[in-house]
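# Close look at the chain arrangement
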Amino acid sequence: MFVVYATPFFTQNTMGLVEAFAHLPGIRLGVISQEPQEVLPAELRARFAGHWRVHDALNLDQLTWAAKELARRHGPIQRLIAANEQIQLPLARVRDQLDIPGMSAETVLNFRDKGRMKDLFLEHGIPCARHCRAVSDNDAWKFVQEVGFPICVKPVDGAAAQSTYRVESSRSLRELLQSRPASEYAPLQLEEFLVGQEHSFESVTLGGVPVWHSWTRYHPTPLDVMRNPWIQWRITLPREVDDSNYAEIREFGPKALKALGMGTGLSHMEWFRRSDGRIAIGEVGARPPGAQITTMMDRAHDFHSEGAWAHLMVFGEFEPPKERKYAVGNAFLRGLGGGRVKGVVGLDKVFAELGEHITDHRIPELGQPAAITYEGEGFIIVRHPETKVVDEMLQFIINTVRVELV
């Protein structure tokens, strides 16, 4: 079986996924990328049946050209797969053109177009924020008259809180619309600003049937983190995966995926519990989660989720992890300001106190450029059989470690 994996860049997370596909039995792996394959270790490149480099991995014509050339040299492509959010739609269009099995472009649009997604939620009785697809300034002002401030403004195909803004006043909205006018060709997604505790819901579906799930809790929300670069935020993956307090998301999460047309894959959903206890689903990605959540799932179960996802996408098979042995937490290390890392204070104390509970870490290096994403310059992952203890360890880490930028 000839399987092709496509990615713009070989990030640390991407390399783990590529390696998982490269080690699947009975397949030949092709890779399409924007970045040269020479950045990868030689032993990983040796497992490739073929590689095709493009100038723009999000360009439909270039992806189609790369897929056709790989197929011409190595035989028909049976699977064309990616984990990157922005590449999902052009890649689906390549699958449609070349008759490759997988999620169609029409279904991928349900996940990438946030207005379309919310319309499907409302149609199927899925709780979500009130929203508006603004193609003119007038649309935006009408929506504000309906829901009031604050509102959330983002691109209709946004991902990971990128280019997402909390707008709190008429003046702020006016300034935003001047810098980023809403139009038919570049619409804006406006949403009621949800207040409450934000979570994720990860789910494996097989032929549209949910077969496994997990969830996490963010402290604070990613949008708050983007607005406040000094926050060293945390994610907790509780041990109590089937806690009765989370029965609503276990009910509505699968319903939301069904409404969007999720077939076979691992999805990442973000949802809120409002202050009055009601839930609201925010966004869903038909892809593995970021922010080290896959690593956290692995540590909770002594599992290899990257390998399981690769096996699922190629062979349509999934063996769920057994008992959740641990709660897991991730503290993101973020410095305030720009420039480069000057130093990191407090690490010795953290490793002395928590060393036996630390499973993974990426420590900011001296001279490292300040991060441009909300994941920051580094992270520390801990685990313990008790969720309460994990929360206490995360609090200790963010109170103790300080990343200094200059």
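### So, the overall build of the protein chain
Per the secondary structure count, the protein chain includes 14 helices and 18 strands. Taking 2.2 N^0.38 as the reference for a compact globule, 406 residues should give roughly 22 Å; the C-alpha atoms of the protein chain span a radius of gyration of 21 Å, in line with that estimate. Principal axes of the C-alpha set define a box for the protein chain whose edges measure 60 × 55 × 45 Å. Among the 406 residues that make up the protein chain, the fraction classed as buried is 54%. In the protein chain, the proportion of contacts linking residues at least 24 apart, taken out of those at least 6 apart, comes to 67%. As presented, the protein chain carries roughly 18,000 Å² of accessible surface, and 49% of it is formed by carbon and sulfur atoms. The protein chain carries 45 positive and 51 negative side-chain charges, and their two centres are separated by 2 Å.

### Remarks on the pattern of salt bridges
Applying the stated criterion across every chain yields a total of 25 salt bridges. For the salt bridge of Asp-242 with Arg-250, the shortest nitrogen-to-oxygen distance reads 3.9 Å. A residue is classified by how much of its surface remains accessible, and Arg-250, at 22% relative accessible area, is partly exposed. We note a salt bridge from Asp-360 to Arg-299, for which the minimum N-O separation is 2.6 Å.

### Quick look at the side chain of Glu-306
Among the secondary structure elements, Glu-306 is positioned in helix α12 (residues 305–315). Buried and unpaired, Glu-306 has Arg-299 as its nearest opposite-charge partner, separated by 8.5 Å. Filtering out sequence-adjacent residues up to four positions away, Glu-306 remains in contact with Asn-13, Gly-16, Leu-17 and Ala-20.

### Examining unusual backbone geometry
The step from Phe-149 to Pro-150 runs through a cis peptide bond, and the omega angle for that step is -5°. Along the chain, Pro-150 turns up in the loop between α7 (137–147) and β6 (151–155). Going from His-219 to Pro-220, the amide bond is cis rather than trans, its omega being -10°. Tracing the backbone shows Pro-220 in the loop between β10 (209–219) and α9 (222–227).

### Overview of the sheet that holds strand β5 (residues 131–134)
With antiparallel pairing, the 4 strands of this open sheet are ordered in space as β5-β8-β6-β7. Either end of the sheet is taken by a strand with one partner, and the two such strands are β5 and β7 (165–167). The average angle at which neighbouring strand axes cross in this sheet is 25°, direction not considered. In this structure, β5 lies alongside strand β8 (residues 188–192), joined through 4 bridges in antiparallel fashion. Paired with Ala-134 across the bridge in β8 is Leu-188. Where helix α6 (residues 114–123) meets the sheet, it contacts β5, β6 and β8, and its direction lies at approximately 40° from that of β8. With respect to the sheet, α7 is in contact with β5, β6 and β8, its orientation differing from that of β5 by roughly 165°.

### So, the sheet that holds strand β1 (residues 2–7)
The parallel open sheet is built from 4 strands, whose spatial order is β3-β2-β1-β4. Lying at the two open borders of the sheet, with one neighbouring strand each, are β3 (48–53) and β4 (79–81). With strand direction ignored, the average angle separating the axes of adjacent strands in the sheet is 20°. As paired strands, strand β2 (residues 28–33) and β3 are joined by 5 bridges and run parallel to one another. Within β3, the residue paired with Ile-32 across the bridge is Trp-52. The sheet strands contacting helix α1 (residues 12–22) are β1, β2, β3 and β4, and the helix crosses β1 at an angle near 180°.

### Focus: the nonpolar core
In this structure, Tyr-5, Phe-21, Leu-29, Trp-233, Ile-235 and Trp-309 are the most contacted members of the largest nonpolar core, which totals 42 residues. Setting aside residues no more than four positions away along its own chain, Phe-21 makes contact with Val-3, Tyr-5, Ile-27, Leu-29, Ile-81, Trp-309, Ala-310 and Val-314. Ranked by size, the runner-up nonpolar core spans 27 residues in total, among them Leu-89, Met-103, Val-108 and Trp-215.

### Focus on α6
Listed as buried for α6 are Lys-114, Gly-115, Met-117, Lys-118, Leu-120 and Phe-121. Where α6 begins, one side-chain oxygen reaches toward the backbone nitrogen of Gly-115, 3.1 Å away; that side chain belongs to Asp-113. Note on α6: the residue one or two positions beyond its end, Gly-125, has a positive phi of about 70°.

### Section: the packing of helix α13 (residues 347–354) against helix α14 (residues 387–400)
Direction vectors running N to C along α13 and α14 enclose 160°, while the axes themselves pass 9 Å from each other. Between α13 and α14, the interaxial angle falls into the category roughly antiparallel. As for how α13 packs across α14, the hand of that crossing is right-handed. Residues Lys-349, Val-350, Glu-353 and Leu-354 of α13 form the contact with α14, whose own contacting residues are Met-393, Phe-396, Ile-397 and Thr-400. For the contact of α13 with α14, a count of residues per class yields 5 nonpolar, 1 polar and 2 charged.

### With respect to the pairing of strand β14 (residues 327–333)
Burial within β14 is extensive, with 7 of its 7 residues counted as buried. Burial of β14 is two-sided: the residues Ala-327, Gly-329, Ala-331 and Leu-333 facing one way and the residues Val-328, Asn-330 and Phe-332 facing the other way are all buried. Bridge analysis of strand β11 (residues 234–237) against β14 gives 4 bridges, and the strand direction is antiparallel. Pairing of Thr-236 across the sheet is with Gly-329, part of β14. Where β14 meets strand β17 (residues 378–384), 7 bridges bridge the pair, whose relative direction is antiparallel. Each bridged residue has a counterpart across the sheet, and for Asn-330 the counterpart in β17 is Ile-381.

Conventions used here
Residues numbered from 1 in each chain as written. Predicted model: local features only at pLDDT ≥ 70, side-chain atom pairs only at ≥ 80, totals over all residues. Heavy atoms only, no water. Helix = DSSP H or I, 4+ residues; strand = E, 2+ residues; numbered from the N terminus. Rg over C-alpha atoms; globule rule 2.2 N^0.38 Å. Buried < 20%, exposed > 50% of the residue type's maximum accessible area, 1.4 Å probe, protein only. Contact = heavy atoms within 4.5 Å. Areas by Shrake-Rupley, 256 points an atom, 1.4 Å probe, with all protein chains shown as cover. Lys, Arg positive; Asp, Glu negative; His and termini not counted. Charge placed at Lys NZ, Arg CZ, Asp CG, Glu CD. Salt bridge = Lys/Arg side-chain N within 4 Å of Asp/Glu carboxyl O. Pairing = 2+ DSSP bridges. Axes fitted to C-alpha atoms, helices over the stretch in contact; angles between N-to-C directions. Core = buried A, V, L, I, M, F, W, Y, C linked by side-chain atoms within 4.5 Å. Polar contact = N/O pair within 3.5 Å; in protein donor to acceptor, adjacent residues only side chain to side chain. Parallel < 35°, antiparallel > 145°, perpendicular 65-115°, else oblique. Left-handed = near helix turned anticlockwise from the far one by under 90°. Nonpolar A, V, L, I, M, F, W, Y, C, P; charged D, E, K, R; others polar.

These values are about where atoms sit, not about what they do.
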